[in-house]
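One letter stands for each residue in the lines below.
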Amino acid sequence: MSERDIDLTAFLASLKDVLASRTDGNADAMVGRIYEKLQDIGEASEADGHLLPVCEYLTPAMDVIAEEGHPLSELAGRLHAVLPRLVWRARPGPAPNASTNFAESHANAMIVGPGGIEGRRDLWIGMSLLAPGTRYPDHDHAPPEVYLVLSPGRFLQGGGEWFSPGIGGVFYNPPGILHAMAADEDAPLLALWLLDVR
Ligand SMILES: [Fe+2]
């Protein structure tokens, strides 16, 4: 078995610590399964990182959590260390209910999973960035998902009302639930997500 990249190892450990203090119930069980799987190491990517224009909002989106003494500052530092290797991509396919600026105002990056720093198919850990005033399309997927929100922003689950988890908020999307997110008008949205694919 090969060894996991040192920066990725540190990021995953910090993410685990943060989630452990913020999950309960289904989210907790799902995160447990993800970290079980992570005991096996996937394939290290040789790819170079790639930015999209919207990535100009990445640093501003992390300003608050990167501040010394913030509860998420360690995670921010670990995330910062892996950022140069991430490949940012636009979401393919239709975009129901997305804002008109969606195409050029969002990007997703896989950290662990297909196209990630560690390539594998059994789990996804990645993040989404939205420019201020951008609404992500309604979407659903079979795998359950846990979000860790790193910025202001609003989220939608099923037929519910928009809610604001706040910086450091964690929530669970059950398999198949329709969901969406939207950045506030005056701040970018940055959120990490974990999917337990199979
Ligand atoms: Fe999702």
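Note that the coordinates shown come from a computational prediction; the quantities given were computed from them, not determined experimentally.

Engineer: Residues and numbers for the pairing of strand β9 (residues 179-182), please.
Structural biologist: Each regular strand displays side chains that alternate between the two surfaces of the sheet. In β9, alternate side chains face the same way, and those of H179 and M181 on one face and A180 and A182 on the other are all buried. Direction of pairing for strand β7 (residues 154-157) relative to β9: antiparallel, over a ladder of four bridges. Across the sheet, F155 pairs through a bridge with M181, a residue of β9.

Engineer: Kindly report on the pattern of salt bridges, identifying the contributing residues and their values.
Structural biologist: Applying the stated rule across the entire model yields eight salt bridges. The residue E74 makes a salt bridge to R78 at a minimum N-O spacing of 3.6 Å. With a gap of four residues between them, E74 and R78 both fall in helix α4 (residues 73-82), about one helical turn apart. On the accessibility criterion, R78 (35% relative accessible area) is partly exposed. Close ionic contact of R120 with E118 constitutes a salt bridge, the shortest N to O distance being 2.8 Å. Ionic contacts of the salt-bridge type, sharing partners, join the residues R4, E118, R120 and D122 into one network.

Engineer: Break down the environment of G166 for me, with residues and values.
Structural biologist: Position of G166 relative to the elements: it lies in the loop between β7 and β8 (170-173). For G166, a relative accessible area of 28% puts it in the partly exposed group. Through-space distance from the C-alpha of G166 to that of L150 is 7.8 Å; in sequence the pair is 16 residues apart. Look past the residues within four positions of G166 in its chain and what remains in contact with it is V149 and S151.

Thresholds, definitions, all that
Residues numbered from 1 in each chain as written. Predicted model: local features only at pLDDT ≥ 70, side-chain atom pairs only at ≥ 80, totals over all residues. Heavy atoms only, no water. Buried < 20%, exposed > 50% of the residue type's maximum accessible area, 1.4 Å probe, protein only. Helix = DSSP H or I, 4+ residues; strand = E, 2+ residues; numbered from the N terminus. Pairing = 2+ DSSP bridges. Salt bridge = Lys/Arg side-chain N within 4 Å of Asp/Glu carboxyl O. Contact = heavy atoms within 4.5 Å.

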